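Chain and residue survey
Below, each chain spelled out in residue letters.
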Amino acid sequence: MGGWADGSVPLPSPPLPSPPAGAGRRLRSPRRGRSPPPAPPPPFNGAPGAGAGPGAVRVPAMEHPPLPLLLALALGLAAAAKSPYQQVLQHSRLRGRQHGPNVCAVQKLIGTNRKYFTNCKQWYQRKICGKSTVISYECCPGYEKVPGEKGCPAALPLSNIYETLGVVGSATTQLYSDRSNLRPEIEGPGSFTIFAPSNEAWASLPAETLDSLVSNVNIELLNALRYHMVNKRVLTDDLKHGTTLNSMYQDLPIQIHHYPNGIVTVNCARLLKADHHATNGVVHVIDKVIATTTNSIQHIIETEESLETLRAAVAASDLNSLLESEGQYTLLAPTNEAFEKIPRETLNRILGDPEALRDLLNHHILKSAMCAEAIIAGLTMETLEGTTLDVGCSGEELTLNGKPIIANKDVLATNGVVHFVNELLIPDSAKTLFELAQESEVSKSMDFFRQAGLSSHLTGSERVTLLAPVNDVFKDGLPVVDSNMKNLLLNHIIRDQLSSKYLYHGQKLQTLGDKELRVFVYRNNLCIENACIAAHDKRGRFGTLFSVDKMLTPPSGSVMDVLKADHRFSTLVAAIQSAGLTENLNRPGTFTVFAPTNEAFRAMPQGELNKLMGNAKELANILKFHVADEILVSGAVSALVRLKSMQGDKLEVSTKNNVIHVNKEPVAESDIMATNGVIYAVNSVLQPQASRPQERGDEPADPALEIFKQASALSKVSQRNPRLAPVYSRLLARMKENSGGF
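The name recorded for the protein chain in an unreviewed UniProt entry is Transforming growth factor-beta-induced protein ig-h3, from Accipiter nisus. Among the UniProt annotations of the protein chain, the heading Function (unreviewed entry) holds the following wording: "Plays a role in cell adhesion. May play a role in cell-collagen interactions." Recorded under Subunit (unreviewed entry), the UniProt text for the protein chain is reproduced unchanged: "Binds to type I, II, and IV collagens."

Spatial ordering of the open sheet is given by β16-β17-β18, a layout of 3 strands whose pairing is antiparallel. Where the open sheet ends on each side, the last strands, each with one partner, are β16 (379-382) and β18 (397-400). The sheet shows a mean angle of 30 degrees between the axes of neighbouring strands, taken without regard to direction. Relative to strand β17 (residues 388-394), β16 is paired through 4 bridges, and the arrangement is antiparallel. Note on β17: the bridge partner recorded for Leu 379 is Val 391.

It is worth spelling out the state of the cysteines at this point. Counted under the stated rule, the structure contains 5 disulfides. Disulfide partner of Cys 104: Cys 140, at an S-S distance of 1.9 Å. Judged by the sign of its S-S torsion, about 105 degrees, the bond between Cys 104 and Cys 140 is right-handed. With Cys 104 in strand β1 (residues 103-109) and Cys 140 in the loop between β4 (131-139) and β5 (143-144), the pair connects residues that are 36 residues apart, well separated along the chain.

This part takes up the confidence of the model for the protein chain. With 82% of its residues at a pLDDT of 70 or more, the protein chain shows a mean pLDDT of 85. Confidence drops under pLDDT 50 across residues 67-79; counting only partners more than four residues distant or on other chains, this segment forms 2 contacts. Overall, residues 693-715 carries pLDDT values under 50, and its contacts beyond four positions in sequence, including any with other chains, amount to 16 contacts.

As a further point, take the sheet that holds strand β29 (residues 591-596). Pairing within the open sheet is mixed, and its 7 strands lie in the order β30-β29-β35-β34-β33-β32-β31. Because the sheet does not close on itself, it has two edges, and the strands there are β30 (627-628) and β31 (640-644). Inspection of the sheet shows β29 paired to β30 by 2 bridges, in the antiparallel sense. When the sheet's bridge partners are listed, Val 593 is paired in β30 with Val 627.

This part covers the pattern of salt bridges. One pass over the structure, following the stated rule, counts 24 salt bridges. The closest approach of N and O atoms between Arg 114 and Glu 373, which form a salt bridge, is 3.3 Å. You can see Arg 114 sitting in the loop between β1 and β2 (115-117) and its partner Glu 373 sitting in the loop between β15 (365-366) and β16, a full 259 residues away along the chain. By relative accessible area, Arg 114 is classed as partly exposed at 23%. Residue Glu 373 is classed as buried on the basis of its relative accessible area, which comes to 11%. With a closest N to O distance of 2.8 Å, Glu 669 and Arg 568 form a salt bridge. Here Glu 669, found in strand β34 (residues 665-674), pairs with Arg 568, found in the loop between α20 (559-565) and α21 (570-579); they are 101 residues apart in sequence, far enough to count as distant. Given a relative accessible area of 32%, Glu 669 falls into the partly exposed group.

Looking now at the pairing of β18. Pairing of β17 with β18 involves 4 bridges; the strand directions are antiparallel. Among the inter-strand pairings, Cys 393 is bridged to a residue of β18, identified as Leu 398. Between β17 and β18, which pair antiparallel in sequence order, lie 2 residues; one of them, Gly 395, sits at a positive phi of approximately 65 degrees.

Below, the discussion takes up the pairing of strand β33 (residues 659-662). Where strand β32 (residues 650-656) and β33 come together, 4 bridges link them in antiparallel fashion. Looking across to β33, one finds that Thr 655 is bridged to Ile 660. Counting the residues in the hairpin turn of β32 and β33 gives 2 residues, including Asn 657, whose phi is positive at 55 degrees. In the sheet, β33 pairs with β34 via 2 bridges, with the strands oriented antiparallel. Paired with His 661 across the strands is Pro 666, a residue of β34. Hairpin connection, β33 to β34: the antiparallel pair is bridged by 2 residues, and Asn 663 has positive phi, about 45 degrees.

Rules and cut-offs
- Residues numbered from 1 in each chain as written.
- Predicted model: local features only at pLDDT ≥ 70, side-chain atom pairs only at ≥ 80, totals over all residues.
- Heavy atoms only, no water.
- UniProt positions renumbered as here; feature names shortened; annotations may be inferred.
- Pairing = 2+ DSSP bridges.
- Helix = DSSP H or I, 4+ residues; strand = E, 2+ residues; numbered from the N terminus.
- Axes fitted to C-alpha atoms, helices over the stretch in contact; angles between N-to-C directions.
- Disulfide = S-S within 2.5 Å.
- pLDDT = per-residue confidence, 0-100.
- Contact = heavy atoms within 4.5 Å.
- Salt bridge = Lys/Arg side-chain N within 4 Å of Asp/Glu carboxyl O.
- Buried < 20%, exposed > 50% of the residue type's maximum accessible area, 1.4 Å probe, protein only.

See the structure below:
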């Protein structure tokens, strides 16, 4: 069949039951591509034909089973969740079914012999570990092709484990079973499971290791093979994640991991071909020769020379007991080289701080065992510290947070797995504020604070929160640092270590510059005065970093104080005083003031301006229309926000091309902060709805009149109809009264 590729496939197959008779003969499906009949259920207790022989309990057949029984069976079948392996295998079968029965689609990593059954995501991405793959179609495990037939209609011959090893691509294991005198056992009666290393797995062993095995076949090789065996039939559905199986060598444990992506590992060796049934058990082909594991993670740290610094750090943080206890962890073990890459000052600070050191080490421990073979795409893993790491792969290399820093992988322990890393992973919780900001979107702010001589507040043990403007704020360069600028920067440092998720509307915060800042919580933003938080906060050892979208402007007086101090608003100040509103804007409150500038008043016709200024009641009404009784800073305006003015009408605040508009008029300056509100400078005097000139009279339009006006053709019909004529005449008269005739 053209376009097929023969070879091993990587993931297990569904259970294939023993044929009731004629073992060794091909089971052929009907021709013309029809699917074979359903297979009988797997034999009870792993014994071929069990449950059908003498002594078996027979249930009388029911010609018409009761409906409740059928419903119960249906619900039971639906509830039986498939294992991740079975789900991936099913997807591969679906992708291969166009080529005939029992055909599976597999992805092969280009340039290697590594093959994988495909899940939906991989199928469309055509990548594994970031590398391109090619799709081939092969017989699903347990089946073979028949000349002249489409697909793989024949089941593989059923034989004992020894014979099966030769059929499934583990001829080397078969050979060594013969040499070590294991053959009689795996040819004879029983129920065994063997995790058989592939031919390539044996060939990849170091020469000295292989020599020591084959030179002592009756002890070393036999023991090694028996460690790959379990004294019962175990199918992939029985290989539960995080469980252990007792091997046939001194009952030493074999660690099983069954991952959500369908990968199944045995002591971190990946199952390549699984669930190959034999008359006396089952064969799973794996990609490595596995070795016995008797050491805990702590023991590995104590005996490995390259982990000397880590050993001292673990002892100082009292993590010894955890790393030698039962469990399933992944230790990303930093080597001596990794510690040496850290600046000495930083390393000494962390090693001398028990809390920071413990956070550092917990950041290198994952909550579950993760074998390298199970990582075929990026995933997020939780650490004991409560943070997450992005674990991925690039070709043959594992990556952490996108970096290929794993030097030695899959060192198995009794309580997990160890990967050696050549870079230290310092969590935010062990960093100073300056370290949090390195190579971030606020790095220019850090230079600014350093120039102002404020480094001591950001590197010591003082509990603070830093409001750091993002780099875009300084795209034209850093401002000159003088005494006023230093005081302003001090007001960007809050006297407490905060978390943004616990801030609430109206909260007051004290700064190192002795200013009081207000918190504003909006539907789409969280702001401190005029500066809104632009990214998730980073919590360090003693300080928290808030990235904000602009330089903070602390309030410097009431609304009236701010207006009086700005010469642009002298006409407005006089108008407020004339209208008797001075006291209102001096009192405590939460005002948003759209303040017309002197230019706005000059733009009014002189007569209209004189009339307005001479009418205190009308002037107060207009001015109140410019004031809302809630604080709205520009960072809270995303599309359209409606505010109720103190006059009663609505103000519509919107943003277009990064410019704030109020009632469609552009704002000249935003976010002039006052202790009792915020001011926007506008270059026009806003008019309430009632004061705007109307295109038509005050009387609302009559919908009936509009209909008659737009449909004059109805007039003739109406006049001819005796029932409609009087109505038409009355409406026509009303139209003439309101419009002066047509």
